[in-house]
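Structure at a glance
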Amino acid sequence: MAKKAQNERQSEATFACNLRELEQIVAALERGEVELEKSLELYERGAALIGCCRKQLQQAEMRIEKMQIGKQGVSLEAVEEEGGDDEDQS
């Protein structure tokens, strides 16, 4: 249950806070002064933060794309229909 609560707090945190915490984890692991069990916990937390940061970046990219499309006067639905299958063809 504690991990679920931690993950919920993590997803509510800002990108900058998540990135700062990730940098602290990386620094601690690079110093090599952390016990094995604590290193594993930090690594696990870092992996979760990376996933959260990626998700936040993807959401930001989608918002930017929507703003750009809106400025060009093209409907989002039309763009999605035209380019929706491009990723599958790679």
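By convention here, each chain's residues receive numbers from 1 onward along its written sequence. In keeping with the model being predicted, local features are shown solely for residues with a pLDDT of at least 70 and side-chain atom pairs are shown and tallied solely at 80 or more, while totals for entire chains, interfaces and linings include all residues. Only hydrogens and water are set aside; all other atoms, that is, all heavy atoms of the structure, feed into the side-chain values.

1. Thoughts on helix α3 (residues 36-72)
Helix and strand assignments follow DSSP, with helices taken as H or I runs no shorter than four residues and strands as E runs no shorter than two, numbered in order from the N terminus. Here, expected helix span is obtained from the residue count minus one, scaled by 1.5 Å. Given a rise of 1.5 Å per residue, 37 residues ought to cover 54 Å, and the 54 Å separating the end C-alpha atoms of α3 matches this to within 8%. Relative accessibility under 20% of the residue-type maximum defines a buried residue, over 50% an exposed one, and the middle range a partly exposed one, all with a 1.4 Å probe and only protein chains included. Among the residues of α3, those classed as buried are Ser39, Leu42, Arg45, Gly46, Leu49, Cys52, Cys53, Gln56 and Ile69. One or two residues past the end of α3 sits Gly73, with phi positive at roughly 80°.

2. Some details on the nonpolar core
The definition of a nonpolar core used throughout is a set of buried Ala, Val, Leu, Ile, Met, Phe, Trp, Tyr and Cys residues joined through side-chain atoms within 4.5 Å. Among the nonpolar cores identified, the biggest contains 5 residues, and these are Leu22, Ile25, Ala28, Leu42 and Leu49. Listed by contribution, the elements that provide at least two residues to this core are α2 (15-31) and α3. For this core, the element with the most residues is α2, which contributes 3 residues. Not counting chain neighbours up to four residues away, the residues in contact with Ala28 comprise Glu33, Val34 and Leu42. Here a residue-residue contact requires only that any non-hydrogen atoms of the pair lie within 4.5 Å.

3. Overview of the side chain of Ser39
Topologically, Ser39 is positioned in helix α3. What Ser39 contacts, discounting residues up to four positions off in sequence, is Leu29 and Val34.

4. Notes on α2
In this model, α2 (17 residues) spans 24 Å end to end at C-alpha, consistent with the 24 Å of a helix rising 1.5 Å per residue. Among the residues of α2, those classed as buried are Asn18, Leu22, Ile25 and Ala28. Along α2, the residues classed as buried sweep out an arc of 125° about the axis, all on the same side. Turned more than 90 degrees away from the buried face of α2, the exposed residues are Gln24, Glu30 and Arg31. One or two steps after α2, the chain reaches Gly32, where phi turns positive at roughly 70°. To obtain the arc, one takes the directions from the helix axis to the C-beta atoms.

5. Focus: the pattern of salt bridges
Oppositely charged side chains can pair when the atoms bearing their charge come close. Basic side-chain nitrogens of Lys or Arg form a salt bridge, by our definition, when they fall within 4 Å of a carboxyl oxygen of Asp or Glu. This structure, assessed with the given rule, holds 1 salt bridge. Of the charged contacts, one joins Arg45 and Glu21 as a salt bridge, the two residues approaching to 2.8 Å between their closest N and O atoms. Pair noted here: Arg45 is in helix α3 and Glu21 is in helix α2, with a separation of 24 residues, a long-range link.

6. A look at the confidence of the model for the protein
Per-residue confidence for the protein gives a mean pLDDT of 81; residues scoring 70 or more make up 68%. Between the elements of the protein, mean pLDDT differs from a low of 55, seen in helix α4 (residues 76-83), to a high of 95, seen in α2. Note on residues 84-90: pLDDT under 50 across the span, and 1 contact to partners over four residues away in sequence or across chains. The score called pLDDT rates the predictor's confidence residue by residue, from a low of 0 to a high of 100.

7. Quick word on the packing of α2 against α3
The description of two packed helices rests on the angle between their axes and on the distance between the axes. Orientation is described by axes fitted as lines to C-alpha atoms, over the contacting stretch for helices, and by angles from 0 to 180 degrees between their N-to-C directions. Relative orientation of the contacting elements α2 and α3 amounts to 150°, with a least axis distance of 9 Å. Relative to α3, the element α2 is oriented roughly antiparallel. Every pair of crossing elements has a handedness; the one defined by α2 and α3 is left-handed. Within the contact between the two elements, α2 uses Phe15, Asn18, Leu19, Glu21, Leu22, Ile25, Ala28 and Leu29 and α3 uses Ser39, Leu42, Tyr43, Arg45, Gly46, Leu49, Ile50, Cys52, Cys53, Gln56 and Leu57. Any angle that is under 35 degrees is reported as roughly parallel, and any over 145 degrees as roughly antiparallel; angles of 65 to 115 degrees are reported as roughly perpendicular and all others as oblique. Left-handed describes a crossing whose near helix is turned anticlockwise from the far helix by less than a right angle; the clockwise case is right-handed.

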